Amino acid sequence: MLLTALYLLLTLLTALILVIFLLRAGAARAMVVWGVAAVLPLLAALTASLGGQARAERALRAYVPQSTQVVVQTAARDYDLILSPEDAACLERTVRLRSEADLVSGDQRVPVRADTLVTGTLPPREVVEALTVRGLLGCHNFRAVAGVKK
C-alpha cells in the first residue's frame, strides 16, 4: 500500500512537471519534455499494477481454500461434483463470465455453458479475481469449447 502511494505521488509529480514544461515554452529542451512524457504512462501503469496487487493481497488475506460440493445444472442434466479449491474458483469465473468450457472432473466431462446454473458454495468473485491477478489460478481441468452456438 505504501509503495502504491509512493508511485502515485511520483506519477502526479511527473504529470505536474510535464504540465509546467508545456505551459512555459522554452523551459526545457525538447528531449527532456519527450522523456518526461514517455515516462508518464509507464509510471501510471506501475501504479495501477501495484494497486491491483495490493487489492488482491487484501482479498486473499482471509481466504481459506477448501474443497466444495456443488451441483452443476446444464443441458437438462445435473452433475453432482466435489471440486478442489482451484476448480471451484475456475467454475465461478467461467459461469460469471458466461464462458463456454468443459470441466473434466474425474472420468466425466461436464459442459459449462452460458445457461449453466450452479447450486452450492463457490469462492467469492473478489477472491477469484485476486487469484487471477496473483497468477494462482490455472484452470487445468477446463477445456475451452470452440464453435458452440449461443
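Everything numeric here is computed off the predicted structure, so don't read it as measured data. (Residues numbered from 1 in each chain as written. Predicted model: local features only at pLDDT ≥ 70, side-chain atom pairs only at ≥ 80, totals over all residues. Heavy atoms only, no water.)

### Structural notes on the overall build of the protein chain
Counting its regular elements, the protein chain contains four helices and six strands. Secondary structure elements of the protein chain occur, N-terminal to C-terminal, as α-α-β-β-α-β-β-β-α-β. In terms of overall size, the protein chain is more extended than a compact globule, its C-alpha atoms giving a radius of gyration of 23 Å where 150 residues would be expected to give roughly 15 Å. Dimensions of the protein chain, computed from C-alpha atoms along their principal axes, come out at roughly 70 × 40 × 20 Å. Considering only contacts in the protein chain between residues 6 or more positions apart, those separated by 24 or more positions represent 63%. Side-chain charges in the protein chain split into 16 positive and 12 negative, and the spacing between the mean points of these groups amounts to 13 Å. (Helix = DSSP H or I, 4+ residues; strand = E, 2+ residues; numbered from the N terminus. Rg over C-alpha atoms; globule rule 2.2 N^0.38 Å. Contact = heavy atoms within 4.5 Å. Lys, Arg positive; Asp, Glu negative; His and termini not counted. Charge placed at Lys NZ, Arg CZ, Asp CG, Glu CD.)

### A short note on helix α1 (residues 2-23)
Between its first and last C-alpha atoms α1 spans 32 Å; for 22 residues at 1.5 Å apiece the expected length is 32 Å, and the two agree. Listed in full, the buried residues belonging to α1 are Thr-4, Thr-11, Thr-14 and Leu-18. Down the axis, α1 shows its buried residues gathered within 90° of arc, on one side only. Relative to its buried face, α1 has exposed residues pointing more than 90 degrees away, namely Leu-2, Leu-9, Leu-12 and Leu-23. On the buried face of α1, the contacting elements are α2 (30-61). (Expected span 1.5 Å × (residues − 1). Buried < 20%, exposed > 50% of the residue type's maximum accessible area, 1.4 Å probe, protein only. Arc of directions from axis to C-beta.)

### Thoughts on the layout of surface pockets
It is a probe the size of a water molecule, rolled over the atoms, that shows where empty space is left. Quantified by volume, the largest pocket comes out at close to 160 Å³. Taken together, Tyr-63, Val-64, Gln-66, Ser-67, Thr-68, Pro-85, Ala-88, Thr-121, Leu-122, Pro-123 and Pro-124 make up the full set of residues lining the largest pocket. Split by residue class, the lining of the largest pocket holds seven nonpolar, four polar and no charged. (1 Å grid on protein atoms, 1.4 Å probe; cavity = no way out; pocket = protein on both sides within 12 Å on 5 of 7 lines; lining within 4 Å. Points joined across faces, edges and corners; volume = space filled by probe spheres on them. Nonpolar A, V, L, I, M, F, W, Y, C, P; charged D, E, K, R; others polar.)

### Observations regarding the sheet that holds strand β1 (residues 68-74)
If you walk across this open sheet you meet the three strands as β2-β1-β5, and the pairing is antiparallel. The open sheet has two edge strands with one neighbour each: β2 (77-83) and β5 (117-120). Ignoring which end each strand starts from, the neighbouring axes of this sheet average 25° apart. Pairing of β1 with β2 involves seven bridges; the strand directions are antiparallel. The residue bridging Thr-68 from the neighbouring strand is Leu-83, located in β2. In the packing of helix α3 (residues 85-96) onto the sheet, contacts are made with β1, β2 and β5, and the angle to β2 comes to roughly 140°. (Pairing = 2+ DSSP bridges. Axes fitted to C-alpha atoms, helices over the stretch in contact; angles between N-to-C directions.)

### Thoughts on the side chain of Thr-116
Inspection of the secondary structure assignment puts Thr-116 in the loop between β4 (108-112) and β5. Side-chain polar atoms of Thr-116 contact the side chain of Thr-74, separated by 3.2 Å. Reaching out from Thr-116, the side chain makes a polar contact with the backbone nitrogen of Arg-113 at a distance of 2.7 Å. If we skip the residues at most four places from it in the chain, Thr-116 touches Val-72, Gln-73, Thr-74, Val-95 and Pro-111. (Polar contact = N/O pair within 3.5 Å; in protein donor to acceptor, adjacent residues only side chain to side chain.)

### Focus on the pattern of salt bridges
What the rule picks out here adds up to six salt bridges. Of the charged contacts in the structure, one is a salt bridge between Arg-113 and Asp-102, with a shortest N-O distance of 3.1 Å. With Arg-113 in the loop between β4 and β5 and Asp-102 in strand β3 (residues 101-105), the pair connects residues that are eleven residues apart, well separated along the chain. Of the two residues, Arg-113 and Asp-102, neither departs from the other in class, the shared state being buried. Glu-129 serves as the salt-bridge partner of Arg-125, at 2.8 Å between the closest nitrogen and oxygen. Taken together, the positions of Arg-125 and Glu-129, both in helix α4 (residues 125-133) and four residues apart, correspond to about one turn of that helix. Salt bridges sharing common partners tie together Glu-92, Arg-96, Arg-125 and Glu-129. (Salt bridge = Lys/Arg side-chain N within 4 Å of Asp/Glu carboxyl O.)

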